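# Structural description and commentary
Read off the chains here:
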Amino acid sequence: MDNWTVVASELDPDRAIAAGSNLLVGNGFLGYRGTSPEQGAEDYVALVVAGTYDCADGHWRELATAPNPLYVAAGLNGTPIGIAGSDAAELALDLRSGEFTLQAEQTVDGVRFVISVERFASYDKLGVLAQRWSIAVDRSAEIDVSFGVDGEIW
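Just so you know, these numbers come straight off a predicted model, no measurement behind them.

## Some remarks on the overall build of the protein chain
Check the secondary structure of the protein chain and you find 1 helix and 12 strands. Mapped from its N terminus to its C terminus, the protein chain presents α and β elements in the order β-α-β-β-β-β-β-β-β-β-β-β-β. Of all 154 residues assigned to the protein chain, the portion counted as buried reaches 38%. Long-range contacts, defined as pairs at least 24 residues apart, comprise 54% of the intrachain contacts of the protein chain with a sequence gap of at least 6. Summing over all exposed atoms, the protein chain offers an accessible surface of approximately 8,900 Å²; the carbon and sulfur share of this is 51%.

The following block contains the structure:
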């Protein structure tokens, strides 16, 4: 990698807060933590919008998190799969382009697959947060994919 790219070589649950913050994509209006699409509130997934604050516990103000619009869950031959469960994941943030990428390889039921994610927050259109999720398999398999907004936030 070049000097413009921050890379993490695994999704370590003990480093979830730091990795999510270090690999955040943002544009000054909104920011989305560097997490995997199938992860939830317990993994510190967060979409934050500038100027929105939370003081729910009455102790301090912090940026409020909005519902997660980039949630993706998948199954391969009936078994849930995702990047977070992979032993071989690579996360990267290109500071020049602002693009976050995530790739992981796994084998389930003898089927080798690679899940890839690309994500960015547009600087041209501040309300636009985009993500591309793809999967490649080495043989025929039944793949179920669901996506939507995850309202469970922290």
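Past the structure itself, the notes keep going.
## Concerning the sheet that holds strand 5 (residues 62-66)
The strand order across the open sheet built from 4 strands is 2-3-4-5, with neighbouring strands paired in antiparallel fashion. Of all the strands in the sheet, just strand 2 (25-26) and strand 5 have a single pairing partner and so form its edges. The pairing of strand 4 (residues 47-54) with strand 5 spans 4 bridges and is classified as antiparallel. If you follow Asp54 over to strand 5, its bridge partner there is Glu62.

## Observations regarding the nonpolar core
Core analysis: the largest hydrophobic core is formed by 28 residues, its most contacted members being Ile83 and Leu129. Broken down by secondary-structure element, the contributors of at least two residues to this core are strand 3 (30-32), strand 6 (68-76), strand 8 (88-94), strand 9 (99-108), strand 10 (111-121) and strand 11 (129-137). Counting residues per element, this core draws most heavily on strand 10, which supplies 5 residues. For Ile83, the residues in contact, after removing those within four places along its chain, are Leu11, Ser36, Pro37, Glu38, Ala89, Leu102, Ala104, Ile115 and Val117.

## Some details on the sheet that holds strand 12 (residues 143-150)
Strand order in the open sheet formed by 3 strands is 7-6-12, with antiparallel pairing between adjacent strands. Because the sheet does not close on itself, it has two edges, and the strands there are strand 7 (79-81) and strand 12. Ignoring which end each strand starts from, the neighbouring axes of this sheet average 30° apart. Pairing analysis gives 3 bridges linking strand 6 to strand 7, with the strands arranged antiparallel. Following the sheet pairing, Leu76 is matched in strand 7 by Thr79.

## What about a nonpolar patch on the surface?
Where nonpolar side chains cluster on the molecular surface, the patch consists of Trp4, Val6 and Leu95 and spans about 270 Å² of accessible area. Here Trp4 shows up in the segment before strand 1 (5-8). Accessibility expressed as a relative area gives 43% for Trp4, which makes it partly exposed.

## A closer look at the pairing of strand 10
Note that strand 9 and strand 10 share 9 bridges and pair antiparallel. The residue bridging Ala104 from the neighbouring strand is Ile115, located in strand 10. Where strand 9 folds back on strand 10, the antiparallel hairpin that results is connected by 2 residues, among which Asp109 adopts a positive phi of roughly 50°. Examined bridge by bridge, strand 10 and strand 11 share 9 bridges and lie antiparallel to one another. Paired with Phe120 across the strands is Ala130, a residue of strand 11.

## Structural notes on the environment of Gly127
Position of Gly127 among the secondary structure elements: in the loop between strand 10 and strand 11. According to the relative accessible area criterion, Gly127 is exposed, its value standing at 61%.

## Some details on the pairing of strand 9
Of the two faces of strand 9, the one holding Phe100, Leu102, Ala104, Gln106 and Val108 is buried and the one holding Glu99, Thr101, Gln103, Glu105 and Thr107 is not buried anywhere. Adjacent in sequence and paired antiparallel, strand 8 and strand 9 are bridged by 4 residues, among which Gly98 carries a positive phi angle near 80°.

Each value, and the rule that gives it
Residues numbered from 1 in each chain as written. Predicted model: local features only at pLDDT ≥ 70, side-chain atom pairs only at ≥ 80, totals over all residues. Heavy atoms only, no water. Helix = DSSP H or I, 4+ residues; strand = E, 2+ residues; numbered from the N terminus. Buried < 20%, exposed > 50% of the residue type's maximum accessible area, 1.4 Å probe, protein only. Contact = heavy atoms within 4.5 Å. Areas by Shrake-Rupley, 256 points an atom, 1.4 Å probe, with all protein chains shown as cover. Pairing = 2+ DSSP bridges. Core = buried A, V, L, I, M, F, W, Y, C linked by side-chain atoms within 4.5 Å. Axes fitted to C-alpha atoms, helices over the stretch in contact; angles between N-to-C directions. Patch = residues over 30% accessible without salt bridge, like charges linked within 9 Å, V, L, I, M, F, W, Y side chains within 5 Å. Salt bridge = Lys/Arg side-chain N within 4 Å of Asp/Glu carboxyl O.

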